[in-house]
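Observations on the model geometry
Now for the letters of each chain:
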Amino acid sequence: MNIMLFHSTYGLRPAVRAAADRLRAAGHEVDTPDLFDGRTFDTVEEGMAYKEEIGKDDLLRRAVLAAAPYSERGLVYAGFSLGASVAQTLALGDARARGLLLLHGTSDLAPNVTVDDLPVQLHVAEPDPFETDDWLSAWYLQMGRAGADVEIYRYAGAGHLYTDPDLPDYDEEAAEATWRVALGFLETL
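Residues numbered from 1 in each chain as written. Predicted model: local features only at pLDDT ≥ 70, side-chain atom pairs only at ≥ 80, totals over all residues. Heavy atoms only, no water.

1. Here's the deal with the layout of surface pockets
Rules: Cavity and pocket criteria rest on a 1 Å grid covering protein atoms alone: a 1.4 Å probe that fits but cannot get out defines a cavity, protein on both sides within 12 Å along at least 5 of 7 lines defines an open pocket, and an atom within 4 Å of a point defines a lining residue. Grid points are joined across faces, edges and corners, and a volume is the space filled by probe spheres set on the points. Throughout, the ten residues Ala, Val, Leu, Ile, Met, Phe, Trp, Tyr, Cys and Pro are labelled nonpolar, Asp, Glu, Lys and Arg are labelled charged, and all others, Gly among them, are labelled polar. Counting from the N terminus, the helices are DSSP H or I runs at least four residues long and the strands are E runs at least two residues long.
By volume, the largest pocket is sized at about 490 Å³. Looking at the largest pocket, it is lined by 23 residues, and the ones nearest its centre are Met 48, Lys 51, Leu 82, Ser 85 and Thr 106. For the lining of the largest pocket, the residue count by class is 10 nonpolar, 9 polar and 4 charged. Taken as a whole, the second largest pocket spans an internal volume of roughly 210 Å³. When residues of the lining of the second largest pocket are traced back to their parent elements, those giving at least two are α1 (14-25) and α6 (172-187). With 6 residues, α1 is the single largest residue contributor to the lining of the second largest pocket. Counted by class, the lining of the second largest pocket contains 11 nonpolar, 3 polar and 4 charged residues.

Structural data, given as structure tokens:
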């Protein structure tokens, strides 16, 4: 499987590279584009400020340019938090997308977007300050109306970016459960 894995607002940190290595060890080809030009951040606020400096349109342009050379192969789009938002936007706009793996984040859906039974798996903390219950319920319904086949996995008590061992949110048990389920999902695509 060819996977395009996008980083969070913290930038392309060691945890993203480790996740890519884990996916490669399972037999997948993985690209990890750096949407922040080599910059990494210690706080969400710093990363979000840099994202705002870049601008949403330029961030998406960078992501599209990174994925375009590979999209004809039928990519699985994946990402962490902000990167999940980027992955979702690209997957819903790519008729050849084979799947969408969202870790810690979702995004608004473009009006009238449709997909043909796109397999989608979301892993998110419960509760999550960025992915509230009301938001997730509405998102789930919108994704279903768009034609996606969505599975949601919630991890009680985990922090927002609970798969990153270098952050205070890290939850080893939830992270390992996420990877077991996610790797199983990728095997079905």
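2. Section: the sheet that holds strand β6 (residues 149-156)
Where strands meet in a sheet, backbone hydrogen bonds hold them as pairs that are either parallel or antiparallel. Put simply, the test is: Note on pairing: two strands pair once DSSP finds at least 2 bridges between them. Think of each axis as a best-fit line through the C-alpha atoms, taken over the contacting stretch in the case of a helix, with angles from 0 to 180 degrees between the N-to-C directions. Residues are treated as being in contact if the distance between any of their heavy atoms lies within 4.5 Å.
The parallel open sheet is built from 6 strands, whose spatial order is β2-β1-β3-β4-β5-β6. The sheet is open, and its two edges are formed by β2 (29-31) and β6, each paired on a single side. Recorded for the sheet is a direction-independent mean angle of 15° between the axes of neighbouring strands. Sheet topology places strand β5 (residues 119-126) next to β6; 8 bridges connect them, and they run parallel. The residue of β6 that forms the bridge with Gln 121 is Glu 151. Relative to strand β3 (residues 76-80), helix α4 (residues 82-92) is tilted by about 160°, and along the sheet it contacts β1 (2-6), β3 and β4 (99-103). Against the sheet, α6 makes contact with β1, β3, β4, β5 and β6, and its axis sits at roughly 175° relative to β5, the strand it touches most.

3. Description of a nonpolar patch on the surface
Stated formally: Distance thresholds for patches are 9 Å for like charges and 5 Å for nonpolar side chains (Val, Leu, Ile, Met, Phe, Trp, Tyr), applied to residues having over 30% relative accessible area and no salt bridge. Residue burial considers only the protein chains on display, and all accessible areas are found by Shrake-Rupley using a 1.4 Å probe. Throughout this description, the term salt bridge denotes a Lys or Arg side-chain nitrogen within 4 Å of a carboxyl oxygen of Asp or Glu.
Together, Tyr 140, Leu 141 and Ile 152 make up an exposed nonpolar region whose accessible area comes to about 270 Å². Within the fold, Tyr 140 resides in helix α5 (residues 133-146).

4. Examining the side chain of Glu 131
Just so we agree on the cut-off: Using a 1.4 Å probe on the protein chains alone, a residue whose accessible area is under 20% of its type maximum counts as buried, one over 50% counts as exposed, and one in between counts as partly exposed. For the charge count, each Lys or Arg is scored as positive and each Asp or Glu as negative, with His and the chain ends excluded. N or O atoms closer than or at 3.5 Å make up a polar contact, with two conditions inside protein: a donor-capable atom paired with an acceptor-capable one, and, for residues adjacent in sequence, both atoms drawn from side chains.
Following the sequence through the fold, Glu 131 ends up in the loop between β5 and α5. One buried charged residue, Glu 131, remains without a salt bridge, the closest side chain of opposite sign being Arg 154 at 8.4 Å. Within the structure, Glu 131 has its side chain in polar contact with the side chain of Thr 106 (distance 2.6 Å). Only 3.2 Å separates the side chain of Glu 131 from the side chain of Trp 135, close enough to count as a polar contact. Those residues in contact with Glu 131, other than ones at most four positions away along the chain, are His 104, Gly 105, Thr 106, Val 124, Leu 136 and Arg 154.

5. Regarding the packing of aromatic side chains
Stated precisely, the cut-off is as follows: A pair of Phe, Tyr and Trp rings is counted when the ring centres sit within 6.5 Å of each other, with Trp represented by its six-membered ring. The angle between the planes then sorts it: under 30 degrees is stacked, over 60 is edge-to-face, the rest tilted.
Evaluation of the coordinates by the stated rule reveals 5 aromatic pairs. Members of the aromatic cluster, each reached through a chain of ring pairs, are Phe 36, Phe 41 and Tyr 50.

6. Some thoughts on the pairing of β4
Operational definition: Think of it like this: strands point away, you trace from the first strand over the helix to the second, and a clockwise trace means the crossover is right-handed.
Most of β4 sits inside the fold, with 5 of its 5 residues counted as buried. Burial of β4 is two-sided: the residues Gly 99, Leu 101 and Leu 103 facing one way and the residues Leu 100 and Leu 102 facing the other way are all buried. Strand direction decides the pairing type here: β3 and β4, joined by 5 bridges, are parallel. For Ala 78, the partnering residue across the bridge sits in β4 and is Leu 101. Handedness of the crossover joining β3 and β4 through α4: right-handed. Strand direction decides the pairing type here: β4 and β5, joined by 4 bridges, are parallel. Bridging from a neighbouring strand, Leu 103 pairs with His 123 of β5.

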